[in-house]
Amino acid sequence: MTVWDDLVGQERVSEQLAAAARDADAFVTAAASDAPPPEASRMTHAWLFTGPPGAGRNQAARAFAAALQCVSPDRALGGAPGCGFCDGCHTALVGTHADVSTVAAVGAEILVKDMRDTVRKSFTAPANGRWQVILVEDAERLNEKSANAVLKAVEEPAPRTVWLLCAPSVEDVLPTIRSRCRHLVLSTPSVEAVADMLVRREGIEPDVAASVARATQGHVDRARRLATDPAARARRASVLKLPQRVEDVGGALRAAQELVDAAAEDAKQLAEEMDGKETEDLKAALGAAQGGRLPRGTAGVVKDLEDMQKRRRTRTQRDSLDVALADLTSFYRDVLALQLGSRIALANTDAEDALERLARDSTPESTLRRIEAIAACGAALDRNVAPLLAVEAMTMALRAG
């Protein structure tokens, strides 16, 4: 199993990255032996991975990082970097490699203080003598100051530093940054490719794999979660019942409250799993005894951690709502397909009776307005509108049609 095996339906991108990894390996080998580096190289110091949600942008970037750090002895015998088994590949894939730094948005934005140490590290030599890799998972969430910090680092990188930026589209990244990156576009994997991956890699039954792959329309992570997490399946089933619960004002408002409460519960569960341990670990690192007082001058550090945890809870709630909005959009897309007599396969076959009933009782125009209302809710959440207000506006619009 190589590092490229997790890139579902991205054969062209895998080939490009594998070729660049081979050239990068030749560069390191030449530098170690004082030989002249290869004249032509497909390797560069900055990469931009774009593609729709679920296409595997972060997975592709992390697989490339692993290939750059590969230390398999097979390479000396002509093997390609990216074996997937060696210490370099394994630690890069699981996120513990000393020379692979990952930056992800904790809240709505990546703040400059979150980037400061990473940018500083990008100018240092790699600890293992290969590459210093900086992976920015949510490059579209860089604010003005943090984007400018990245720009300065990308303009004049250290010789062995590689920046890997991931964003939904090239327009989501500053022109000055993207002009200095090699751009790779990932496409949405086919339903068949995702189902095949679930059967091979996760041991999912073929019928279940096909159902969740179709329901998520090629979104790899969501398909894997639906296939393996009963709670995720229950939440999706609840969301798909929402269109039948907005027939009156009271029902619409109750549905909105329940949707927001479910998202808040997701954030609460994550906080319970992570916040307490993080706080105790930080206090121990600062020298506080179990249950004792913090040393003088360290309260600000704990306050920074609490602020980060609050931003993460907000982000988790928004992410949960985004999943619900995607499920609703998929539902009404199926309704529209039935109304127009389209031959495309339905994504939500487990709710076919409700789809057919709504298709009979409404018009294509009203279905399009409902899809637009869901999109407007997502846009409102992006502008930091209070979740309950945004979702209530949406459910009332779904009721009106």
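Everything below is about the structure printed above this text.
Before going into details, it helps to say that this report is about the structure given with it. (Residues numbered from 1 in each chain as written. Predicted model: local features only at pLDDT ≥ 70, side-chain atom pairs only at ≥ 80, totals over all residues. Heavy atoms only, no water.)

1. A closer look at the nonpolar core
Condition: Each nonpolar core is a collection of buried residues, namely Ala, Val, Leu, Ile, Met, Phe, Trp, Tyr and Cys, held together in the definition by side-chain atoms within 4.5 Å. Buried, partly exposed and exposed residues are distinguished by accessible area as a fraction of the type maximum, computed with a 1.4 Å probe on protein chains only: under 20%, between the cut-offs, and over 50%, respectively. Runs of E in the DSSP output that reach at least two residues are strands. Runs of H or I that reach at least four are helices, and both are numbered from the N terminus. Any pair of residues with heavy atoms lying within 4.5 Å of one another is described as a contacting pair.
In this structure, Trp4, Leu17, Trp47, Phe49, Phe64 and Leu164 are the most contacted members of the largest nonpolar core, which totals 36 residues. At the level of secondary structure, the elements contributing two or more residues to this core comprise helix H1 (11-32), strand S1 (46-50), helix H2 (57-68), helix H3 (87-94), strand S3 (132-136) and strand S4 (161-167). With residues up to four places along the chain from it excluded, the contact list for Trp47 reads Leu17, Ala20, Arg42, Phe64, Val162, Trp163, Leu164, Leu165, Cys181, Arg182 and Leu184. Counting residues in hydrophobic clusters, the runner-up holds 32 residues, among them Leu259, Ala324, Ala351 and Ala354.

2. Description of helix H7 (residues 191-202)
What counts, and what does not: By definition here, a helix of n residues has an expected span of 1.5 Å times n minus one.
Given a rise of 1.5 Å per residue, twelve residues ought to cover 16 Å, and the 16 Å separating the end C-alpha atoms of H7 matches this to within 8%. Along its buried surface, H7 packs onto helix H8 (206-216) and helix H9 (220-228). Gly203 sits one or two positions beyond H7 and adopts a positive phi of about 70 degrees.

3. Considering the environment of Arg245
One can find Arg245 in the loop between helix H10 (230-240) and helix H11 (249-286). By relative accessible area, which is 30% here, Arg245 ends up partly exposed. Along the backbone, Arg245 and Ala255 are ten residues apart, and their C-alpha atoms lie at a distance of 6.9 Å.

4. Thoughts on the packing of aromatic side chains
Applicable threshold: Ring geometry is summarised as follows: Phe, Tyr and Trp rings, the Trp one being its six-membered ring, pair when their centres sit within 6.5 Å, and such pairs are stacked at plane angles under 30 degrees, edge-to-face over 60 and tilted between the two. Whether a charge sits over a ring depends on NZ of Lys or CZ of Arg being within 6 Å of the ring centre and within 35 degrees of the ring normal.
Taken as a whole and assessed by the stated rule, the structure comprises three aromatic pairs. Residue placement shows Arg182 over the ring face of Trp47; its charged tip is 5.2 Å from the ring centre.

5. Quick notes on a negative patch on the surface
Heads up, the condition is: Any residue with relative accessible area above 30% and no salt bridge may belong to a patch, with like charges joined within 9 Å and the nonpolar Val, Leu, Ile, Met, Phe, Trp and Tyr side chains within 5 Å. With residues, only the protein chains shown are counted as cover, and all accessible areas are computed by Shrake-Rupley using a 1.4 Å probe. Only one rule defines a salt bridge in this text: a Lys or Arg side-chain nitrogen within 4 Å of an Asp or Glu carboxyl oxygen. Residues scored as positive are Lys and Arg, those scored as negative are Asp and Glu, and His as well as the terminal groups of each chain are ignored. All charge positions are set by atom: Lys at NZ, Arg at CZ, Asp at CG, Glu at CD.
A grouping of Asp261, Glu265, Glu272 and Glu273 is seen on the molecular surface, where their side chains present a negatively charged patch. Mapping Glu273 onto the fold places it in helix H11. With a relative accessible area of 60%, Glu273 lands in the exposed category.

6. Here we look at unusual backbone geometry
Its identity as a non-glycine residue notwithstanding, Gln217 has a phi of 55 degrees, on the positive side. Mapped onto the elements of the fold, Gln217 is located in the loop between H8 and H9. A positive phi angle, near 65 degrees, is found at Asn384, a position not held by glycine. Inspection of the secondary structure puts Asn384 in the loop between helix H14 (364-382) and helix H15 (387-400). When its relative accessible area of 52% is taken as the criterion, Asn384 is described as exposed.

7. Some thoughts on the side chain of Asp334
Following the sequence through the fold, Asp334 ends up in helix H12 (residues 299-340). Here Asp334 is in contact with Leu346, Ala347, Asn348 and Leu355, once residues within four sequence places are set aside.

8. Description of H8
Put simply, the test is: Note: the arc covers the axis-to-C-beta directions of the helix.
Along H8, the residues classified as buried are Ala209, Val212, Ala213, Ala215 and Thr216. Considered in projection along H8, the buried side chains sweep an arc of 160 degrees and stay on one side of the axis. Summarising the geometry of H8, the exposed residues directed more than 90 degrees from the buried face are Pro206 and Asp207. Gln217 sits one or two positions beyond H8 and adopts a positive phi of about 55 degrees.

9. Structural notes on the sheet that holds strand S5 (residues 182-185)
What counts here: Criterion used throughout: strands pair if DSSP finds at least two bridges between them. Every axis in this analysis is a line fitted to C-alpha atoms, fitted for helices over the stretch in contact. Angles between the N-to-C directions lie between 0 and 180 degrees.
Read from one edge to the other, the open sheet built from five strands follows the order S2-S3-S4-S1-S5, with strand pairing classed as parallel. Each having just a single partner strand, strand S2 (100-103) and S5 make up the two edges of the open sheet. Ignoring which end each strand starts from, the neighbouring axes of this sheet average 15 degrees apart. Sitting on the sheet, H2 touches S1, S2, S3 and S4, and the angle it makes with S4 is about 165 degrees.

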